[in-house]
Amino acid sequence: MSRDRTNHQTAAVPAAGADDAGLRRVPVQRRSTERLARILDACAVLLDETGYEQLSTRAVAARAGVPIGSVYRFFGNKRAMADALARRNLDRYATHVSDRLARLDARDWRGAVDALLDEYLAMKRTVPGFSLVDFGAQLPLGVRHPAPAPVPAAPGRDDPDADPNHRVAHRLTGLLAAHLGRAPDAALHRTVLVAVEATDALLQLAFRTDAAGEPGIVAETRELLRGYLARTLD
């Protein structure tokens, strides 16, 4: 892919959705927005360097070059900060996917599925902190909280109480429905949720096997997705 992904973490956090991310204060001025972005950038780098357990708001403030009070202006604790980072990742993933879908024929659902997978792999390989929080921080590590039952997706909205894969499925259902010209109904949402859960498990295996994602497992994941989704999208 031609887009340079190594520096995109410095972009400002989208104002839309910030309230859903659990921020104590939603940035309005450019200076505050840029400071929030620096805090999240620092959090991401430190997650890779030290892990979640050793992460501290004081260390994030020092790395970001901001007063500790600036961190607490936005976040009550490191858990809230990690969750905001995950939501920023999801916003950026959705943007990258939308850009790819805009260049595809609406009938090419296989190309759309490839875009979803390729954009995730690109972020997995390049985005700081992504290996721990990706699109939803399951913290303490390894703990998944029960999620509410799936509901029909509505483009542009995410259930703040949903677990990470429900968040992703909700967002992708809206994107796929808009691209394919169909309703984002409960049946499509359920299908996408199953695909997301299966892909999540397989890609965890791929990246446990190889730090860059074992190519054979990634290829099998792509085939599994196409085969499963064909019955709904063909």
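Computed from a predicted model, the values in this text were never measured in an experiment.

How each quantity is defined
- Residues numbered from 1 in each chain as written.
- Predicted model: local features only at pLDDT ≥ 70, side-chain atom pairs only at ≥ 80, totals over all residues.
- Heavy atoms only, no water.
- Phe/Tyr/Trp six-rings, centres within 6.5 Å; stacked < 30°, edge-to-face > 60°.
- Helix = DSSP H or I, 4+ residues; strand = E, 2+ residues; numbered from the N terminus.
- Buried < 20%, exposed > 50% of the residue type's maximum accessible area, 1.4 Å probe, protein only.
- Lys NZ or Arg CZ within 6 Å of the ring centre and 35° of its normal.
- Core = buried A, V, L, I, M, F, W, Y, C linked by side-chain atoms within 4.5 Å.
- Contact = heavy atoms within 4.5 Å.
- Expected span 1.5 Å × (residues − 1).
- Polar contact = N/O pair within 3.5 Å; in protein donor to acceptor, adjacent residues only side chain to side chain.
- pLDDT = per-residue confidence, 0-100.

Enquirer: It is not clear to me how the packing of aromatic side chains should be interpreted in this structure. Could you clarify?
Expert: Centre distance and the angle of the planes are the two values used to describe a pair of aromatic rings. Taken as a whole and assessed by the stated rule, the structure comprises five aromatic pairs. Between Tyr 93 and Phe 135, the aromatic rings sit 4.9 Å apart at their centres with planes inclined by 35°, giving tilted as the arrangement. Pair noted here: Tyr 93 is in helix α4 (residues 78–101) and Phe 135 is in the loop between α6 (130–133) and α7 (164–180), with a separation of 42 residues, a long-range link. Using a relative accessible area of 3% as the deciding quantity, one classes Tyr 93 as buried. These aromatic residues form a ring-pair network of at least three members: Tyr 93, Tyr 120, Phe 130 and Phe 135. The ring of Tyr 52 carries Lys 78 above its face, with NZ or CZ at 4.5 Å from the centroid.

Enquirer: Sorry, what's going on with the nonpolar core here?
Expert: Note on soluble globular proteins: their nonpolar side chains tend to be buried together. Of all hydrophobic cores here, the largest spans 37 residues; its most connected members are Tyr 93, Phe 135, Leu 172, Val 192 and Leu 203. Secondary-structure elements contributing two or more residues to this core are α4, α5 (109–126), α7, α8 (186–209) and α9 (215–233). The element contributing the most residues to this core is α5, with nine residues. Discounting chain neighbours no more than four positions away, the residues touching Val 192 are Ala 169, Leu 172, Thr 173 and Leu 176.

Enquirer: Explanation requested: α4 in the structure shown.
Expert: For an α-helix the count is 3.6 residues per turn, leaving residues at separations of three or four pointing the same way. If you check α4, its first and last C-alpha atoms are 35 Å apart, about what 24 residues at 1.5 Å a residue would give, namely 34 Å. Counting buried residues along α4, 18 of its 24 residues qualify, which places the element largely inside the surrounding structure. Regarding α4, its N-cap is Asn 77, as a side-chain oxygen of that residue lies 3.1 Å from the backbone nitrogen of Arg 79 further along.

Enquirer: How should I be thinking about the confidence of the model for the chain in this particular structure?
Expert: Segments scoring low in pLDDT should not have their predicted coordinates read at a detailed level. On average, residues of the chain score 84 in pLDDT, and 79% of them are at 70 or above. Mean pLDDT values for the elements of the chain range from 92 in α6 up to 97 in helix α2 (residues 57–64). Segment residues 1–20: pLDDT under 50, and 44 contacts once partners within four positions in sequence are set aside and those in other chains are kept. Note that pLDDT drops below 50 for residues 140–157; the model gives that stretch 34 contacts with residues more than four away or on any other chain.

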